[in-house]
Amino acid sequence: MAYYKMNRFHWHLVDGTGWRVEIKKYPQLTQQAAWRPYENLVEWSDKERQYCEKSPNAYGGYYTQEDVKEIVAYASSKYITVIPEIEMPGHSEEVLAVFPQLSCTGKAYVNSDFCIGNPKTFIFLEDVLTEIMALFPSEYIHIGGDEAEKKGWKSCSKCADLMEKKGLKDVDELQSYMIHHIETFLNKNGRRLLGWDEIMQGGLAPNATVMSWRGEEYGIKAVQAGHDAIMTPIKYCYFNFYQDAPESHVLSWAGYTPIEKVYSYNPVPDSVNVEEKKHILGVQANVWTEYIPTENIAEMMIWPRALAIAETGWTQPDRKLFSRFKENALNAVEYLKDKGYNPFDLKDEVGERKEYYDTLKHLAIGKPVEYKQPFSDEYPAGGKDALVNGLQGGWSCDNNRWQGFINNGIDVVIDLQTTQTVHSIQATFMQDVFGWCWMPKDVEIYTSVDSQNFTLLSNITNDIPFTQVGFFLKEFAWKGNVEARYIRYVANPDKSNTKVGFIFTDEIVVR
Ligand code: ACM
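As a starting point, this report considers the structure included with it.

Cut-offs used in this document
- Residues numbered from 1 in each chain as written.
- Predicted model: local features only at pLDDT ≥ 70, side-chain atom pairs only at ≥ 80, totals over all residues.
- Heavy atoms only, no water.
- Helix = DSSP H or I, 4+ residues; strand = E, 2+ residues; numbered from the N terminus.
- Rg over C-alpha atoms; globule rule 2.2 N^0.38 Å.
- Buried < 20%, exposed > 50% of the residue type's maximum accessible area, 1.4 Å probe, protein only.
- Contact = heavy atoms within 4.5 Å.
- Areas by Shrake-Rupley, 256 points an atom, 1.4 Å probe, with all protein chains shown as cover.
- Lys, Arg positive; Asp, Glu negative; His and termini not counted.
- Charge placed at Lys NZ, Arg CZ, Asp CG, Glu CD.
- Core = buried A, V, L, I, M, F, W, Y, C linked by side-chain atoms within 4.5 Å.
- Expected span 1.5 Å × (residues − 1).
- Pairing = 2+ DSSP bridges.
- Axes fitted to C-alpha atoms, helices over the stretch in contact; angles between N-to-C directions.
- Salt bridge = Lys/Arg side-chain N within 4 Å of Asp/Glu carboxyl O.
- Polar contact = N/O pair within 3.5 Å; in protein donor to acceptor, adjacent residues only side chain to side chain.
- Disulfide = S-S within 2.5 Å.
- Phe/Tyr/Trp six-rings, centres within 6.5 Å; stacked < 30°, edge-to-face > 60°.
- Parallel < 35°, antiparallel > 145°, perpendicular 65-115°, else oblique.
- Nonpolar A, V, L, I, M, F, W, Y, C, P; charged D, E, K, R; others polar.
- Left-handed = near helix turned anticlockwise from the far one by under 90°.
- Arc of directions from axis to C-beta.

### Regarding the overall build of the protein chain
- Counting its regular elements, the protein chain contains 15 helices and 20 strands.
- Taking 2.2 N^0.38 as the reference for a compact globule, 511 residues should give roughly 24 Å; the C-alpha atoms of the protein chain span a radius of gyration of 25 Å, in line with that estimate.
- The principal-axis extent of the C-alpha atoms belonging to the protein chain is close to 75 × 60 × 55 Å.
- A buried classification covers 54% of the 511 residues belonging to the protein chain.
- Considering only residue pairs separated by 6 or more positions, the protein chain has 69% of its internal contacts joining residues 24 or more positions apart.
- Accessible surface for the protein chain amounts to roughly 23,400 Å². Of this, 49% is attributable to carbon and sulfur atoms.
- Mean positive and mean negative side-chain charge positions of the protein chain (52 and 70 charges, respectively) differ by 2 Å.

The following block contains the structure:
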């Protein structure tokens, strides 16, 4: 990191997958929530998803305070500050398994958020932060703040009492109350609060710094309000996503973030003024390791993409040039390999899905599409003509080519506007379990000449189980010979899958 001029190491120490730092006052955290009975996270999640104590068959671990001191001192010798993160109020299943009294129901394995109405929550968090501050000299303490479910709070009498007493009108304001409280505590101790962008919900604490991850818009809002921000939008800065074509890559989270895309990110948007720009403190990359089984693979996810973040952090946008950067990155990969690291070998990069660059011609191009089930607002892929615009998706569902459907699947009717001979009807679907996108259970393909009477041409059953991790594309096609004006394409979700996810397709190709 130091060699490539990175100066902050943000260490996400605790999460629902385990508590990973020794806290002297609460040794139960690492005794009872740092291990699990299954090595594989997917298997563990599909089973009872409970923590266990250390044993020869348990998987897990944690850093002792001596380990932490050694890491902080080593980083410091390289001019790197380690910023610790202690998650609250969400992603806290592991704490609540050990101390269920800190959850709204009082039961382990029910809630993922701390009960904010319970004063003991604040005693616990302040005790933990006190030990954390003693270990980490960093001015900033990261308190998480992301993805709280806020479910338990809605039916909790303690939370309701607190909301009434403090005049908080909704659960966002309840969350904000907690963040304000923790900020006051940190500031009193001479530290500054940093949190993921959800800490803005319900009103941002007065001195807080925002880490903008869901997009850059939250960081922009923060600096416009006079706060500091760190930019780390998921589409550019998450290194747990694929950096190359999935079939040539180790299993990763759904998403395609090649080095060129990382390099293209400008953390200081033109839309903010000179004063506001000063509040953008920097840019960060994240590598979430739940699905990364070894250190070697972690290195491969980080390098060489981290070079693109480092150069972005230190280079004016008008001095960035990808062709020059890539030459340097190729050399850096050789250097890193010589040093015994395991970078992704950039010279073997396969790149984006070829179909992404083609524009298809077929009978349904530009024809009206009637949606009997709506597409998701989250993945509209350009709207009502997305399935007949000739444009195909890439390796990522969020590149505005894949149209997403949730709950009831797909049911569309395309009007070819004249009756004509049709020889094939097909669509491609994507499965990526880590991204919660699944193949349909089956597909039904119908045609009609009058829009009233439809004939079923084919009913195709999916053969990729929804439990199959990895990245898959599969075409569901009918071939034959029929006179038709209307095409009805139905993709049914697998109702036996209890995880509600998306069905994605990019184009319904009619020939
Ligand atoms: C995050 O990725 N949930 C910050």
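That shown, we press on.
### Thoughts on the nonpolar core
- Core analysis: the largest hydrophobic core is formed by 97 residues, its most contacted members being W19, F124 and I182.
- A per-element tally of this core places helix α5 (residues 119-135) first, with 8 residues.
- One finds L387, V412, I460 and V482 within the second-largest nonpolar core, a separate group that totals 30 residues.

### Focus on helix α8 (residues 171-188)
- If you check α8, its first and last C-alpha atoms are 26 Å apart, about what 18 residues at 1.5 Å a residue would give, namely 26 Å.
- Where α8 is concerned, the buried positions are V171, E173, L174, Q175, S176, M178, I179, I182, E183, F185 and L186.
- Packed against the buried residues of α8 are β6 (81-88), α5, β7 (140-144), α6 (151-154), α7 (157-166) and β8 (192-196).
- Following α8 by one or two positions, G190 adopts a phi angle in the positive range, close to 80 degrees.

### Some details on the sheet that holds β8
- Within the open sheet, the 7 strands sit side by side as β1-β6-β7-β8-β9-β10-β13. Their pairing is parallel. A strand with exactly one partner marks an edge of an open sheet, and here the two such strands are β1 (8-12) and β13 (280-283). Ignoring which end each strand starts from, the neighbouring axes of this sheet average 25 degrees apart.
- Pairing analysis gives 3 bridges linking strand β9 (residues 209-212) to strand β10 (residues 229-231), with the strands arranged parallel. Across the sheet, M211 pairs through a bridge with I230, a residue of β10.
- Set on the sheet, α8 makes contact with β6, β7 and β8; between it and β8 the angle comes to about 145 degrees.

### With respect to the pattern of salt bridges
- Applying the stated criterion across every chain yields a total of 22 salt bridges.
- Notably, a salt bridge pairs E43 with K47, separated by 3.5 Å at the nearest N-O pair.
- Given a relative accessible area of 42%, K47 falls into the partly exposed group.
- Each of E334, K337, D345 and K347 takes part in salt bridges that share partners, so that together they form one network.

### What to know about the side chain of S92
- Examined against the element boundaries, S92 turns out to sit in the loop between β6 and α4 (93-98).
- Assessed through its relative accessible area of 2%, S92 is described here as buried.
- In this structure the side chain of S92 is engaged in a polar contact, spanning 2.7 Å, whose partner is the backbone oxygen of G90.
- Dropping the residues within four chain positions of it, S92 is found in contact with E87, S112 and F114.

### Comments concerning the state of the cysteines
- The final tally for this structure, using the stated rule, is 0 disulfides.
- With no disulfide of its own, C237 lies closest to C397 among cysteine sulfurs, the gap being 17 Å.
- Given the relative accessible area of 0%, C237 is considered buried.
- Free of any disulfide, C397 has its nearest cysteine sulfur in C437, 5.5 Å distant.

### Thoughts on the packing of aromatic side chains
- Enumeration according to the criterion identifies 37 aromatic pairs in this entry.
- Taken together, a centroid distance of 5.1 Å and an interplanar angle of 75 degrees make the contact between Y371 and F375 edge-to-face. Of the two residues, Y371 and F375, neither departs from the other in class, the shared state being buried.
- Of the aromatic side chains, those joined through ring pairs into one cluster are W196, W213, Y238, F241, W253, W288, Y291 and F434.

### A look at the packing of α7 against α8
- One way to put it is that α7 packs onto α8 with a least axis distance of 11 Å and a crossing angle of 80 degrees. In terms of orientation, α7 and α8 fall into the roughly perpendicular class. Contacts between α7 and α8 pair C159, L162, M163 and K166 from the former with V171, L174 and Y177 from the latter.
- Counted by class, the contact of α7 with α8 contains 6 nonpolar, no polar and 1 charged residues.

### Some thoughts on the pairing of β8
- Within β8, 4 of the 5 residues are buried, which leaves the element mostly enclosed by the surrounding structure.
- The pairing of β8 with β9 spans 3 bridges and is classified as parallel. Each bridged residue has a counterpart across the sheet, and for G195 the counterpart in β9 is V210.

### Considerations on the packing of helix α14 (residues 305-314) against helix α15 (residues 322-338)
- Running from amino to carboxyl end, α14 crosses α15 at an angle of 130 degrees, the nearest separation of the two axes being 10 Å. Relative to α15, the element α14 lies oblique. When the axes of α14 and α15 are compared, the crossing they make is right-handed. Across from L307, A308 and E311 in α14, the residues of α15 making contact are R324, F325, A329 and A332.
- Classifying every residue of the contact of α14 with α15 gives 5 nonpolar, no polar and 2 charged.

### Here's the deal with helix α13 (residues 295-302)
- Within α13, the full set of buried residues consists of I297, A298, M300 and M301. One face of α13 carries all of its buried residues, which in axial projection span an arc of 160 degrees.
- Buried residues along α13 sit against β11 (241-242) and α14.

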